[in-house]
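Given next are the chains, with one letter for each unit.
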Amino acid sequence: MAIQSKLCTWCGSGFDPNDGNGYLFDSDMNQSRIFPAIPICGGCGGLGVQFDTEDFKTRVNRIKTLRFQFCPIDPFPDPPTAVYYVALTGLIKEINALTKAYGFGNDNSFARDFKNNFRLYRDMLSIMEMTMNMGAQKLKETPLYTSKVYAQAAMGATIKCFTGQIDEGIKQLKDLCEKYPNDSELINNLGTLCLLYKRDSDEAMKCLIKSTTLEPRKSLHFLSVAQLFHMLKNDQDTLVYLKLIKEQPDYQEFKKSVPFNVEAAIRSLES
Ligand SMILES: [Zn+2]
């Protein structure tokens, strides 16, 4: 006997597009990202119906997580292409596995549309792959940002993240940070990657703040902390770090090369 299903309690509320067809309007659809949110319902995985099994719940939960990885609802900058790529690849895999196990649900379900429009998603992946490969090539040709012994390895870790091997790239950079624990540039890099690729602002903040306590002291490192505090809407600490930028040994150089007006930013926060 087939497992019984019932209309999805999430997308089946009756209001368009939440009419029980596996489309769900959620907060990510108001985010302005490079790629628009994918409105797949996290309650039914796009089928419009729910099955009362642990397996089904686990699968749709993974789909819900991937939906928000694809279009994060955080105040941080747009994710690098690799984040979209990994999330979309995961979503395609999960939706295909779900429909194989439970069918396509309602007649007008998201899952059915997804299958019919699959070429569109495949084309999106191709464009992302091209962007990642071109970017990685460009990174490889860019002169290393530091002459330190770890420079090549740090670049390798960054390229890993850039091309979609995110966890591996971050782990490699973490290992380097352990090997060279007193280097401000390495830990600052790690913080930036944690924010952009993992959307982990706690870990990022820890790393970025630590980078301001190590050598070499760089105005840019203080700016990255100020910017993260600003994104988190913490004006008080933003101001503290903006003021510290001016005390760094490379501030004059920073003023010439970085298009960010520290004085103006301080004035606007103090007013
Ligand atoms: Zn649903």
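Residues numbered from 1 in each chain as written. Predicted model: local features only at pLDDT ≥ 70, side-chain atom pairs only at ≥ 80, totals over all residues.

1. Quick notes on the overall build of the protein chain
In step 1: Each helix and strand counted, the protein chain has twelve helices and two strands in total.
In step 2: For the protein chain, the succession of helices and strands along the chain, N to C, is β-β-α-α-α-α-α-α-α-α-α-α-α-α.
In step 3: Overall, the protein chain is about 75 × 45 × 30 Å in size when its C-alpha atoms are taken along their principal axes.
In step 4: Counting only residues that meet the buried cut, the protein chain has 37% of its 271 residues in that class.
In step 5: Within the protein chain, counting contacts between residues at least 6 apart in sequence, those at least 24 apart form 57% of the total. (Helix = DSSP H or I, 4+ residues; strand = E, 2+ residues; numbered from the N terminus. Buried ≥ 20, exposed ≤ 12 C-beta atoms within 10 Å, placed from the backbone. Contact = placed C-beta atoms within 7 Å.)

2. Examining the domain arrangement of the protein chain
In step 1: Segmenting the protein chain into domains produces domain 1 (5-108) and domain 2 (217-271).
In step 2: Put simply, the middle of domain 1 and the middle of domain 2, counted by C-alpha atoms, are 39 Å apart. (Domains from an automatic or database assignment.)

3. Topic: the packing of helix α7 (residues 184-198) against helix α9 (residues 219-231)
In step 1: Viewed as axis vectors pointing N to C, α7 and α9 meet at an angle of 25°, and their least axial separation amounts to 11 Å. Between α7 and α9, the crossing angle belongs to the class labelled roughly parallel. Considering the relative orientation of α7 and α9, their crossing is left-handed. Every residue of α9 that contacts α7 at Ser-184, Asn-188, Thr-192 and Leu-195 is listed here: His-221, Ser-224 and Leu-228.
In step 2: Partitioned by chemical class, the residues of the contact of α7 with α9 number two nonpolar, five polar and no charged. (Axes fitted to C-alpha atoms, helices over the stretch in contact; angles between N-to-C directions. Parallel < 35°, antiparallel > 145°, perpendicular 65-115°, else oblique. Left-handed = near helix turned anticlockwise from the far one by under 90°. Nonpolar A, V, L, I, M, F, W, Y, C, P; charged D, E, K, R; others polar.)

4. Considering α9
In step 1: Look at α9: 18 Å from first C-alpha to last across 13 residues, which is about the 18 Å you get at 1.5 Å a residue.
In step 2: Buried residues along α9 sit against α7, α8 (201-213), α10 (235-245) and α11 (251-257).
In step 3: With its phi angle positive at about 60°, Lys-233 sits one or two positions after the end of α9. (Expected span 1.5 Å × (residues − 1).)

5. Observations regarding the environment of Cys-177
In step 1: Relative to the helices and strands, Cys-177 resides in helix α6 (residues 166-179).
In step 2: C-alpha separation for the pair Cys-177 and Asp-19, spaced 158 residues apart in sequence, amounts to 50 Å.
In step 3: Those residues in contact with Cys-177, other than ones at most four positions away along the chain, are Leu-186, Ile-187 and Leu-190.

6. Some words on the packing of α7 against α8
In step 1: Packing of α7 against α8 leaves a shortest axis separation of 8 Å and a crossing angle of 160°. As far as their axial angle goes, α8 and α7 are roughly antiparallel. Crossing handedness for the pair α7 and α8: left-handed. Taking contact as the criterion, the partners of Ser-184, Ile-187, Asn-188, Leu-190, Gly-191, Cys-194 and Leu-195 in α7 are, on α8, Ser-201, Glu-203, Ala-204, Cys-207, Leu-208, Lys-210 and Ser-211.
In step 2: Within the contact of α7 with α8, the residues separate by chemical class into seven nonpolar, five polar and two charged.

7. Focus: α8
In step 1: Helix length check: α8 (13 residues) gives 19 Å between terminal C-alpha atoms against 18 Å at 1.5 Å per residue, within 8%.
In step 2: Those residues of α8 not exposed but buried are Ala-204, Met-205, Cys-207, Leu-208, Ile-209, Ser-211 and Thr-212.
In step 3: Of the surrounding secondary structure, the elements contacted by the buried residues of α8 are α7 and α9.

8. Some points on unusual backbone geometry
In step 1: Between Glu-215 and the following residue, Pro-216, the backbone shows a cis peptide bond with an omega angle of -5°.
In step 2: Position of Pro-216 among the secondary structure elements: in the loop between α8 and α9.

9. Some remarks on the environment of Phe-110
In step 1: Mapping Phe-110 onto the fold places it in helix α3 (residues 110-116).
In step 2: Sequence separation between Phe-110 and Gly-22 is 88 residues; the distance between their C-alpha atoms is 5.1 Å.
In step 3: For Phe-110, the residues in contact, after removing those within four places along its chain, are Asn-21, Gly-22, Tyr-23, Ile-40, Cys-41 and Gly-46.

10. Side note on the environment of Ala-101
In step 1: Within the fold, Ala-101 resides in helix α2 (residues 81-102).
In step 2: Ala-101 sits in the partly exposed class, given 13 other C-beta atoms within 10 Å.

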